[in-house]
Each structure stands twice: as C-alpha cells, then as structure tokens.
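Structure at a glance
In case you want the letters, here they are:
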Amino acid sequence: MKILELKNVTYQYKNSNEKVLSLVNQSFESGKFYAIIGKSGAGKSTLLSLLAGLDTPRSGQIVFKEQDIAKNGYSYHRKHNISLVFQNYNLIDYLSPLENLKLVNPDATKESLLELGLDETQINRNVLKLSGGQQQRVAVARALVSKAPIILADEPTGNLDKDTATEIIDILKDIAKQKGKCVIVVTHSNEVADAADIVLELKNKQLVPVKNKGDH
Ligand code: ADP
Ligand code: ADP
C-alpha cells in the first residue's frame, strides 16, 4: 500500500541560488525497506527533512495517504506519521530504555526491548550505560512502539561496528516485513543498500531507482 509520496518536489535553501532537489517524484509503500544513497552533498539529509516534515518543499507536495501533509500541518505529520532513528541514537539519557519507550507510547512494555535482543539488566539501566549497539536497539524499539507507520532513519549504522550494524539492519528489515511499517534509511552503507527492498540514488537533484527486489 502506497503511504507516502513526493509529487514534483523542489527544494532550495534560502541563502543559496541553486536548487538541491528538482521535480522529485517517488512513492513509498508500507511493508517495504528503502535505502536512499548518494554522494555527500547530493541532498539526502534535505530529502529526509522534507519527508519528516521538518522542512517544507519550495514547490510540489509531500502526500501521506493521499493527502498533502500541509493540510493537517507539519507538526501533526511529525507527531503521528513519522518516527525517527538517528546515527547518534538521540535517547533521553537520564531515563531507562523502557522509560524512553513510554515517552512515545505509554502502553509500551519491556517485551519490545527483549524482542530486539536487550536483556533484563540492560532494560533497567540508564541508557548511557549501554553500548552504542544497545542504545540503537532502544532507539529502534522506540520507533517500533510509536504508532507512526513510517520510520525514517539517518545513517542508523554510522557509529556501529560491522556485526552490530548487521544486527540493526536485520531488525529494520524485520520491522518492514513483519510489522508492515514503511522503513526509509538514508545511508552511505553498501550493506544497508544490499539489505533494502528498494534502493534509490539521489543524483543530479533527482531520485533515481537503482534496485527493486520486486523487479525481475
Ligand atoms: P547529503 O545529505 O546528501 O550530504 P545535504 O542534503 O546535506 O546532502 O546537502 C545538499 C546540498 O545543500 C549541498 O550542496 C549542501 O551544501 C547544501 N546545503 C545543506 N544545508 C544547507 C543550508 N542550511 N544552507 C544552504 N545550503 C545547504
Ligand atoms: P512538535 O510537535 O513540537 O513539532 P514533535 O512532538 O513532533 O514536536 O517532535 C519533536 C521532536 O522530537 C521531533 O523533531 C523529532 O525529531 C523528535 N521525535 C519525536 N518522536 C520521536 C521518536 N519516536 N523517535 C525519535 N525522535 C522523535
């Protein structure tokens, strides 16, 4: 099911005389894992900000379930439709993992953390006492328990060693497949691109499809 769409989106920074994105069209479906790749400066972070409703296109629309997100407002989009996973985890550092989850969903239980491979002692520790990989599991669990149907991740494996990165990628892949969320990851990592159902490259201000596992 199509959940998020870019329609003729252009973007230009106010202090710049050149567009960063030009007439970008793309739709994203529930249950699929997307990787957005591209050289440094290609516009990946800019695109992620637009998809997250943190910034607004110069022209064109970002459409959530057939409705321009401008209609309900960008703040509504950020709060209800999107959950974010960052390279540096962005957890609330004086709280435990479960308390971090309860901030986005008061009904969250420790099972969601156990399911992602954390153990009982880790769950009750202050998040700062956890390793990077464990903190990223908490951040992914937070995105999972939030009711948002779309997970946007910015280099989620950027600070992790290879084995831990593989585990986090597998978890994100599972979240798309088992939980039906739309997972969109901006990344430099070939490993993320290899795992993704669909790979899109930002190139010459456009989004170009480079892989679609559904194609034969
Ligand atoms: P990527 O994430 O692919 O490295 P970005 O989206 O960060 O690319 O940047 C895309 C282009 O926009 C680059 O040319 C960058 O220099 C420019 N840019 C990024 N942020 C700003 C800003 N705040 N003001 C002006 N130009 C910017
Ligand atoms: P506001 O409605 O005041 O704009 P939000 O409640 O939408 O603020 O979110 C504030 C910030 O918190 C967002 O920019 C987002 O980066 C972050 N945030 C919200 N929910 C999550 C989440 N589930 N995971 C990670 N970060 C989140």
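Just above sits the structure.
I will try to describe carefully the structure that is included in this document. (Residues numbered from 1 in each chain as written. Chains lettered and ligands numbered in written order. Predicted model: local features only at pLDDT ≥ 70, side-chain atom pairs only at ≥ 80, totals over all residues. Heavy atoms only, no water.)

1. A closer look at the site of ligand 2
Around ligand 2 lies a shell formed by L54, S75, R78, K79, S83, L84, F86, V104 and R142. One of the side-chain N or O atoms of S75 is found 3.1 Å from an oxygen atom in ligand 2. The separation between a nitrogen atom of ligand 2 and a polar main-chain atom of L84 is 3.3 Å. For ligand 2, whose free accessible area comes to 560 Å², the fraction covered by protein is 61%. (Near = heavy atom within 4 Å. Polar contact = N/O pair within 3.5 Å; in protein donor to acceptor, adjacent residues only side chain to side chain. Areas by Shrake-Rupley, 256 points an atom, 1.4 Å probe, with all protein chains shown as cover.)

2. Here's the deal with the pairing of strand 9 (residues 198-203)
For strand 9, the buried fraction is high: five of the six residues fall into the buried class. Of the pairings in the sheet, the one linking strand 3 (residues 33-37) to strand 9 comprises four bridges and is parallel in character. Bridge pairing in strand 9 places I36 opposite L200. In this sheet, strand 10 (residues 206-212) lies alongside strand 9 in antiparallel orientation, the contact comprising six bridges. (Buried < 20%, exposed > 50% of the residue type's maximum accessible area, 1.4 Å probe, protein only. Helix = DSSP H or I, 4+ residues; strand = E, 2+ residues; numbered from the N terminus. Pairing = 2+ DSSP bridges.)

3. Brief notes about helix 7 (residues 132-145)
Between its first and last C-alpha atoms helix 7 spans 20 Å; for 14 residues at 1.5 Å apiece the expected length is 20 Å, and the two agree. Of all the 14 residues making up helix 7, twelve are buried; the element is thus mostly covered by neighbouring parts of the structure. Within helix 7, the full set of buried residues consists of G133, Q135, Q136, R137, V138, A139, V140, A141, R142, A143, L144 and V145. Packed against the buried residues of helix 7 are strand 6 (82-85), helix 4 (97-104), helix 5 (111-115), strand 7 (150-154) and helix 8 (162-179). (Expected span 1.5 Å × (residues − 1). Contact = heavy atoms within 4.5 Å.)

4. A short note on the environment of D197
In this fold, D197 is placed in the loop between helix 9 (190-195) and strand 9. Residues D197 and K32, spaced 165 residues apart in sequence, show a C-alpha to C-alpha distance of 6.3 Å. Excluding its chain neighbours within four sequence positions, the residues that come into contact with D197 are G31, K32, F33, K211, N212 and K213.

5. Considering the nonpolar core
Counting 37 residues, the largest nonpolar core has F33, V140 and V183 as the members making the most contacts within it. Apart from the residues lying within four places of it in its own chain, the contact partners of F33 are I169, L172, K173, A176, V183, V185, V192, A195, A196, D197 and I198. (Core = buried A, V, L, I, M, F, W, Y, C linked by side-chain atoms within 4.5 Å.)

6. Some words on the site of ligand 1
Around ligand 1, the neighbouring residues are Y13, N15, V20, K39, S40, G41, A42, G43, K44, S45 and T46. Contact distances for ligand 1 include 2.9 Å between an oxygen atom and a backbone N or O atom of G43. Within the side chain of T46, an N or O atom sits 2.5 Å from an oxygen atom of ligand 1. In isolation ligand 1 offers 560 Å² of accessible surface; the protein chains occlude 59% of this area. For the shell around ligand 1, the per-class residue count stands at three nonpolar, six polar and two charged. (Nonpolar A, V, L, I, M, F, W, Y, C, P; charged D, E, K, R; others polar.)

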